[in-house]
Amino acid sequence: MLPTHNLPKGVQLFDHDIFGDKRGDLVSVEQNRTIPFEIARVYTIFHTSYHMARGCHAHIGMQQALVNITGSLTLIVDDGTVKSEINLDRPGRTVIINGLVWRELTNFSPGSVINCFSDKFYDESEYIRDYNTFRSLCATSK
Ligand code: TYD
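Predicted model only: the values in this text are computed from it and were never measured.

1. What to know about the overall build of the protein chain
Turning to step 1, where the next piece is worked out: A count of helical and extended segments in the protein chain gives 1 helix and 11 strands.
Turning to step 2, where the next piece is worked out: Starting at the N terminus and ending at the C terminus, the protein chain contains elements arranged as β-β-β-β-β-β-β-β-β-β-β-α.
Turning to step 3, where the next piece is worked out: Its C-alpha atoms give the protein chain principal-axis dimensions of about 55 × 35 × 30 Å.
Turning to step 4, where the next piece is worked out: For the protein chain, long-range pairs separated by at least 24 residues make up 76% of all intrachain contacts whose partners lie at least 6 apart in sequence.
Turning to step 5, where the next piece is worked out: A total of about 8100 Å² of accessible surface is found on the protein chain, and carbon and sulfur atoms cover 51% of it.
Turning to step 6, where the next piece is worked out: Averaging the locations of the 14 positively and 16 negatively charged side chains of the protein chain gives two centres separated by 1 Å.

Shown next as structure tokens:
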């Protein structure tokens with residue numbers, strides 16, 4: 001586990017092993033083993049642009065793992081008190097987000113591919129997409 005002292009509450013940073021040889025690279029993600037929850041959903045972000053931000057939302061009771069596959073991006077995570085910028089700049093670099101954390105993804109390099117795992121199915125009604133609403137929820141959940 002990499003140092004987490006300056007990360008928001010509910011955020012962990014580590015590297016998945018990359019199994020590489022002359023044929024190429026492989027990364028394996030296993031529920032309750034390499035990531036700390038059961039996987040309900042996997043989605044992949046690709047064909048992104050450097051200046052376009054994605055995410056810009058929070059969830060209340062969701063666990064997610066963002067596993068960088070190739071390329072790089074900047075992930076901003078914010079629990080309403082602590083805000084960090086994490087560079088996902090190598091294959092296998094992984095961020096776990098558990099609970100009420102605002103997240104933004106930006107500065108995508110050309111060819112960036114990131115796999116996202118969630119313990120919940122997609123439900124738009126569960127998204128908090130307004131930053132002020134997020135801050136109010138942070139204040140009331142302390
Ligand atoms: P969006 O939430 O804007 O993506 P991001 O979090 O990367 O900014 O989702 C873009 C579109 O994809 C939107 O129409 C909803 C849809 N979508 C799903 O159908 N399932 C999913 O698991 C996700 C994450 C998005």
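2. Here's the deal with the pattern of salt bridges
Turning to step 1, where the next piece is worked out: Counted according to the given criterion, the structure contains 6 salt bridges.
Turning to step 2, where the next piece is worked out: Linking Asp89 and Arg90 is a salt bridge whose minimum nitrogen-to-oxygen distance equals 3.3 Å.
Turning to step 3, where the next piece is worked out: Overall, the relative accessible area of 40% leaves Asp89 in the partly exposed class.
Turning to step 4, where the next piece is worked out: Among the residues examined, Arg90 registers a relative accessible area of 37% and is labelled partly exposed.

Conventions and cut-offs
Position numbers for residues start from 1 in each chain and track the written sequence from start to end. For this predicted model, a pLDDT threshold of at least 70 governs which residues receive local features, and a threshold of 80 or more governs which side-chain atom pairs are given and counted, while totals over whole chains, interfaces and linings are taken from all residues. In computing side-chain values, all of the structure's heavy atoms are included and hydrogens and water are not. Starting at the N terminus, helices and strands are each numbered in turn, a helix being any DSSP run of H or I of at least four residues and a strand any DSSP run of E of at least two. Note on contacts: a residue pair is in contact if any heavy atoms of the two residues lie within 4.5 Å. Only the protein chains shown count as cover for residues, with accessible areas throughout obtained via the Shrake-Rupley method and a probe of 1.4 Å. The sign given to each residue is positive for Lys and Arg and negative for Asp and Glu; His and the chain ends receive no count. To locate a charge, the coordinates of NZ of Lys, CZ of Arg, CG of Asp or CD of Glu are taken. Should a side-chain nitrogen of Lys or Arg be within 4 Å of a carboxyl oxygen of Asp or Glu, the pair is scored as a salt bridge. Only protein chains enter the accessibility calculation, which uses a 1.4 Å probe; a residue is then buried when its area is under 20% of its type maximum, exposed when over 50%, and partly exposed in between.

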